Amino acid sequence: MSKPAPEIQADPSHDQASLSREIIRVTGIVQGVGLRPTVCRLANEAELTGHVLNDGQGVLIHAWGKRSAIDAFIINLETQAPRLARIDSIKRTALDSAEAAPACFSIAASDRNAVQTHIAPDAATCPECMADAHDPFGRRFRYPLTNCTHCGPRFSIVNAIPYDRANTSMRDFIQCGECQAEYGSPMDRRFHAQPNACHACGPRVELARIDGNPVCMESLTQLDDVDAAATLLQNGEILVIKGLGGFHLACDATNTETVEKLRQRKQRYGKPFALIARDLDVIQRYARVTEQEKALLGSVQAPIVLLEKSDRLPPGKKRGFGIAEGQREKDLNPISVAVAPGQNTVGFMLPYTPLHQLMLKRMNRPIVLTSANRSDEPQVIGNHEVHDRLGDIAEYVLWHNRDIVNRVDDSVVRMVLGKPRIIRRSRGYAPVPLPLPTGFEHAPELLAMGAELKNTFCLIKQGNAILSQHIGDLENAETYADYQKNLALYADLFQHSPRLIAVDAHPEYLSSKLGRLWSGQRDLPITEVQHHHAHIAACLVDNHYPFDAPPVLGVALDGLGFGEDGTIWGGEFLRADYIQAERLATFKPVALLGGAHAMREPWRNTYAHLMAGMGWPVYKANFNELELTRFLEEQALDTFSAMLKKGMNAPLASSCGRLFDAVAAAIGICRTGVSYEGQAAIELEAIVDQDTLHHEDDRLAYPFAIPYLPGSRLPYVEPLAMWQALLGDLILKTPAPIMAARFHKGLAKIIATMVRKLTTKNDERIINTIALSGGVFHNKTLLEQVVMRLENDQYTVLTHHQIPANDGGLALGQTVIAAAQLIRRKQTCA
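Here we summarise the structure given alongside this text. (Residues numbered from 1 in each chain as written. Predicted model: local features only at pLDDT ≥ 70, side-chain atom pairs only at ≥ 80, totals over all residues. Heavy atoms only, no water.)

## Topic: the overall build of the protein chain
Broken down by element type, the protein chain carries 25 helices and 33 strands. By the compact-globule yardstick of 28 Å for 830 residues, the protein chain fits well, its C-alpha radius of gyration being 28 Å. In terms of its C-alpha atoms, the protein chain occupies a principal-axis envelope of roughly 95 × 75 × 50 Å. The buried share of the protein chain, reckoned over its 830 residues, is 61%. Across the protein chain, contacts joining residues at least 24 apart in sequence account for 73% of those joining residues at least 6 apart. Positive and negative charge centroids in the protein chain, built from 86 and 93 side chains respectively, lie 2 Å apart. (Helix = DSSP H or I, 4+ residues; strand = E, 2+ residues; numbered from the N terminus. Rg over C-alpha atoms; globule rule 2.2 N^0.38 Å. Buried < 20%, exposed > 50% of the residue type's maximum accessible area, 1.4 Å probe, protein only. Contact = heavy atoms within 4.5 Å. Lys, Arg positive; Asp, Glu negative; His and termini not counted. Charge placed at Lys NZ, Arg CZ, Asp CG, Glu CD.)

Quick look at the structure:
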């Protein structure tokens, strides 16, 4: 976790030579991360006396000693803070030294008052604890839940602040004498480690059959239940495994029959599975791993990292990947093609608990580790849920009796342009607060309800944005119930009382409906925020863009969002700051045939684009010979033509995401249907020919134009010329990877051209900062191409890093827009 330089405030009213007693307030991520033991150790080294405690505002230190010693202590605290801590500020207050100094320095009992502190996220097991679990002479040998103050569960087990054992799901586990001695020793790294435990006193891990019948352990292992689970995985079984923030489903990733069985039972038919492997050596057999990606895999967050497959096979090849050139397949089991169909990347993570590490010790190949649920449902977190929700998916479960209080999915990260980009922000990252940019220091407490898909919500408290972990798609009833549970949890944990609620302007989003309901029930004002303005504002916060800085040109590309004119937007160029946004340009509005059906059947977008661009007679006259034409003629075109003519169930949408679907379907990718959101666009990017992308003449990139919409005279991206070139390539039987590359290059070119057009007036540049946001910019190829072209034109380009570019970051944008409008109104009235 990055540790920005803390703000240190001293009381100048006292003479330094006479000062001998101070109260020192430390704020930030300072509870549950080993800060109090560190304070105690450093205070003893500086020969200070006094005490340290947790309270609702963070960590409070009472120190007696020489002023020079206290100064040195503060410097050491800044430089030697624990690896999970983030100190935001240190405030020193001198007090009357008449009170007698205590004889020593100690850790005092926690005090609960108004919550102004933060909760640390769950952290991957540190190397020292991993070593303990593998030490045959240590008392924690093969204890799967080993942890210390530097690692282990945090947010997933906490019920309330302060972060003490009594406020976690460890409260029922009384420490044995040896654990209690560690817990009470300032020189031990388990000093005040709240989840501290061992074989004797801690939670127990057990391998069980979900149907309740006994497990024949003798046939599986000579060691323990965790090792027996490894044998079952090697034998082709599907297992349920309890992790930090939820249960997972696991199986051998090289066993195609088992992987496909898991897909059918989980009802996850195409979306890639994440993998976990014992160590980097195993991962590097199957994927290319850069030094930066190695660092991400081994970080305290331990996310799923999207890596390039080491064997990028030609389209149509069906064997798995991971076989080095010249190596026989029998020498290495390839990963099943069913793990990540249609992808050139695979998501890997390293073991982040001793349980995973011990289980994988004998596994020389990766295993699938995917959330334990049916597709679109929330991840199972309770032992009591396993039988009813997972009993027909797996036969065995490896679980323990430490409750998961808060559901936290695995985070997903990808390296792009030399920086990690978070795609899903959850375990390891949430609920780490995001300091708001300059100008928001006194923003009032607000609540933003987030989006409908990939939902997160966001609080503002004391100049920080607290973005929730990934919740999911609210269309699912169980996910919506989990969303409401987490809203209540955050309000309680952070003692948050919003002065205003911010919602997306879409009238039918469940999150917005709930926000409007609460606004009425609680007599709170509500602010409706336009979807794409929120995307751009989130990007600005992600880059610490100041409140009073000049407007930027925001490029927001996604599937859809409710526009200010009541139509569906999805490809927008906005002149924006935190307070307002003006639509300067857009993508061509094209009908969504059948409304939501157009998102599930990409060919509908192809047909709608062809009809909008050239019409069926012109298309038939020029491209009748194409296989695409025969496919379209097999559809109920009379019905769809009538829908277009009458505007019936065919709303217009300026959606860049649907343009990707249309192109993918025309080429032959996911034409008849998708099994998850964005599948067609993701698989289109996956086949891009790199030689064409980087070395072919730019003039061969598919062309677009910029005419003006009738009536509004708004400039828009017109794809007609692109379609003519693409269809011509289909006639020439140009390979699909070359066509995919030409499309991506052409799209990047027209985005850069539109940016130049909108930021130039009378040959002078009037806007120099460009913010890129929206789910389409998770497309690595497009993002790299657009950034390269804009930076070559000397623009300052802002992109996402800490939060997702997709709707997972939308709530952050909603909060800062609502806060900025309140701040500006207050300034105006002053």
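Having seen it, we continue.
## Here's the deal with helix 22 (residues 720-731)
The terminal C-alpha atoms of helix 22, which comprises 12 residues, lie 17 Å apart, in line with the 16 Å expected from a rise of 1.5 Å per residue. Along helix 22, the positions that sit buried rather than exposed are Met-722, Trp-723, Leu-726, Leu-727, Asp-729 and Leu-730. One side of helix 22 holds all its buried residues, which, seen down the axis, span an arc of 155°. Elements in contact with the buried residues of helix 22: helix 15 (603-613), helix 16 (615-623), helix 17 (627-633), helix 19 (656-667) and helix 23 (736-758). At the exit of helix 22 stands Lys-733, carrying a positive phi of roughly 55°. (Expected span 1.5 Å × (residues − 1). Arc of directions from axis to C-beta.)

## Concerning the nonpolar core
Of all hydrophobic cores here, the largest spans 74 residues; its most connected members are Phe-573 and Leu-747. Broken down by element, the residue count for this core peaks at 12 residues, all from helix 23. Ignoring sequence-local partners within four residues, the contact set of Leu-747 consists of Phe-587, Cys-656, Leu-659, Phe-660, Phe-704 and Leu-782. Ala-197, Ile-276, Tyr-352 and Met-363 belong to the second largest nonpolar core, which has 61 residues in total. (Core = buried A, V, L, I, M, F, W, Y, C linked by side-chain atoms within 4.5 Å.)

## Some points on the sheet that holds strand 21 (residues 464-467)
Strands sit in the order 18-21-20-19-22-23 across an open sheet of six strands; the sheet is mixed. Each end of this open sheet is capped by a strand with a single partner; those strands are strand 18 (434-435) and strand 23 (526-529). The pairing of strand 18 with strand 21 spans two bridges and is classified as antiparallel. Bridging across to strand 21, Pro-435 finds its partner in Asn-464. (Pairing = 2+ DSSP bridges.)

## Some details on the pairing of strand 25 (residues 568-576)
Most of strand 25 sits out of view: seven of its nine residues are buried. Summarising the sheet, strand 24 (residues 552-562) and strand 25 pair through eight bridges and their orientation is antiparallel. Paired with Gly-554 across the strands is Leu-574, a residue of strand 25. Count of turn residues in the strand 24/strand 25 antiparallel hairpin: five residues, of which Gly-566 carries a positive phi of about 85°. Pairing of strand 25 with strand 28 (residues 652-655), which is carried by three bridges, proceeds in the parallel orientation. Opposite Trp-569, over in strand 28, you have Ser-654 as the bridge partner. Sheet analysis places strand 25 next to strand 26 (residues 581-587), joined by five bridges and oriented antiparallel. What sits directly across from Ala-576, in strand 26, is Ala-581.

## Considering the packing of aromatic side chains
The final tally for this structure, using the stated rule, is 14 aromatic pairs. Geometrically, the ring pair formed by Phe-457 and Tyr-483 is edge-to-face, given 6.2 Å between the ring centres and 65° between the ring planes. One end of the pair, Phe-457, is in the loop between strand 19 (446-448) and strand 20 (458-461); the other, Tyr-483, is in helix 11 (residues 477-493), with 26 residues separating them in the sequence. For the residue pair Phe-457 and Tyr-483, the accessibility class agrees, reading buried in each case. (Phe/Tyr/Trp six-rings, centres within 6.5 Å; stacked < 30°, edge-to-face > 60°.)

## Focus: the pattern of salt bridges
Between side chains of opposite charge, a pair can form as their charged atoms come close. Taken as a whole and judged by the stated rule, the model has 45 salt bridges. A salt bridge links Arg-365 to Asp-252; the shortest N-O distance between them is 2.8 Å. Here Arg-365 is found in the loop between helix 9 (354-359) and strand 14 (367-371), whereas its partner Asp-252 is found in strand 9 (residues 247-252), with 113 residues between them in sequence. Assessed through its relative accessible area of 19%, Arg-365 is described here as buried. Here Glu-528 makes a salt bridge to Arg-516, at a shortest N to O gap of 3.2 Å. Of the two residues, Glu-528 sits in strand 23 while Arg-516 sits in helix 12 (residues 510-522), which places them 12 residues apart along the sequence. By relative accessible area, Glu-528 is classed as partly exposed at 48%. (Salt bridge = Lys/Arg side-chain N within 4 Å of Asp/Glu carboxyl O.)

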